[in-house]
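# Structural features, examined
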Amino acid sequence: MRDALVAAAFQLFVERGYEQTTVDDIVALAGVGRRSFFRYFPSKEDVVFPDHERCLADMTAFLADGSDDDEPVGRVCDAARLVLRMYAENPTFSVQRYRLTKQVPGLRAYELSVVWRYERALAAYLRRRFAARRDGTLQADVIAAAVVAAHNNALRSWLRSDGQGEASAAVDRALAYVQSAFGGVPVPPLVEQPEDVVVVVSRRGAPLWRVVQEIETTLGRG
């Protein structure tokens, strides 16, 4: 029933437009009553995002199941990949929704509110992990925002390509950038190589070319 309502809604959105489609239109096409619609979706906006509540619950559970041995930034990056998996499960639907949200400002605002909830879930986990750190709350919020921004940048690139190719490769690359910046992996120190010192004794007034020739001979380049 839930899938039938979503399918009916998107068929009408494509044919008539989002604003011109009513809940009554959706239930009529799906062959059910209004009560059945509102049993699954609180509003017409919710039928456009039928899977986000489940995904948010999965993300919250995933973060809660982590241990103190998990590297925090890596853990939230893995949590963000759950959102990608949701989109990649049905590329055709995901691309349709992306196009629709671009056309309807109200849906774009709704989507942003959903994204904010994902970000808050990531930040809440990091705040717990960083509780003993100086500026732990600030770090948690900044990193959560960076993870969401990196994930969404790669995800939207995939959606703009009509879901062609593997979305995971682009998202992995974007999240790797976040981990390199915030994941606590130390940058290898620059090891300075000892410099060779060459002493050349030359006659005063010797031409420059002769001095250069003596240096090259000493270094074994002559």
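Residues numbered from 1 in each chain as written. Predicted model: local features only at pLDDT ≥ 70, side-chain atom pairs only at ≥ 80, totals over all residues. Heavy atoms only, no water.

### Section: unusual backbone geometry
Positive phi values are uncommon outside glycine, yet Asp135 reaches one of about 60°. For Asp135, the position within the fold is in the loop between helix H8 (105–129) and helix H9 (136–160). The phi dihedral of Asp162 falls on the positive side, at around 65°, and the residue is not glycine. Mapped onto the secondary structure, Asp162 falls in the loop between H9 and helix H10 (167–182). Residue classification places Asp162 among the partly exposed residues on the basis of a relative accessible area of 41%. (Helix = DSSP H or I, 4+ residues; strand = E, 2+ residues; numbered from the N terminus. Buried < 20%, exposed > 50% of the residue type's maximum accessible area, 1.4 Å probe, protein only.)

### Let's talk about the nonpolar core
Core analysis: the biggest nonpolar cluster contains 40 residues, and Met59, Tyr118, Leu122, Leu126 and Val147 have the highest contact counts within it. Every element with two or more residues in this core is listed here: helix H5 (52–64), helix H6 (72–89), helix H7 (91–103), H8, H9 and H10. In this view, Leu122 contacts Met59, Leu63, Val76, Ala79, Ala144, Val147 and Val148; residues no more than four positions away in its chain are not counted. (Core = buried A, V, L, I, M, F, W, Y, C linked by side-chain atoms within 4.5 Å. Contact = heavy atoms within 4.5 Å.)

### Comments concerning the pattern of salt bridges
According to the stated counting rule, one finds 14 salt bridges in the structure shown. The salt bridge partner of Asp24 is Arg34, with a shortest N-O separation of 2.8 Å. Within this pair, whereas Asp24 is found in helix H2 (residues 23–30), its partner Arg34 is found in helix H3 (residues 34–40), the two being separated by ten residues in sequence. Between Asp141 and Arg120 there is a salt bridge, and its shortest N-O distance comes to 3.8 Å. With Asp141 in helix H9 and Arg120 in helix H8, this residue pair connects regions lying 21 residues apart in the sequence. Judged by its relative accessible area of 21%, Asp141 falls in the partly exposed class. Linked through salt bridges whose partners overlap, the residues forming this network are Glu119, Arg120, Arg127 and Asp141. (Salt bridge = Lys/Arg side-chain N within 4 Å of Asp/Glu carboxyl O.)

### Remarks on the packing of aromatic side chains
Remark: the centre distance and the inter-plane angle together describe each pair of aromatic rings, the angle taken between the planes. Under the defined criterion, the tally for this structure stands at seven aromatic pairs. Measuring from ring centre to ring centre gives 5.6 Å for Phe37 and Phe41, while their planes differ by 50°; the resulting arrangement is tilted. When sorted by exposure, Phe37 lands in the same class as Phe41, which is buried. Taken together, Phe10, Phe13, Tyr18 and Phe93 form an aromatic cluster joined through their ring pairs. Just above the ring of Tyr18 sits the side chain of Lys44; from NZ or CZ to the centre is 4.1 Å. Here the guanidinium or amino end of Arg133 rests over the ring plane of Phe130, the centre of that ring lying 3.8 Å away. (Phe/Tyr/Trp six-rings, centres within 6.5 Å; stacked < 30°, edge-to-face > 60°. Lys NZ or Arg CZ within 6 Å of the ring centre and 35° of its normal.)

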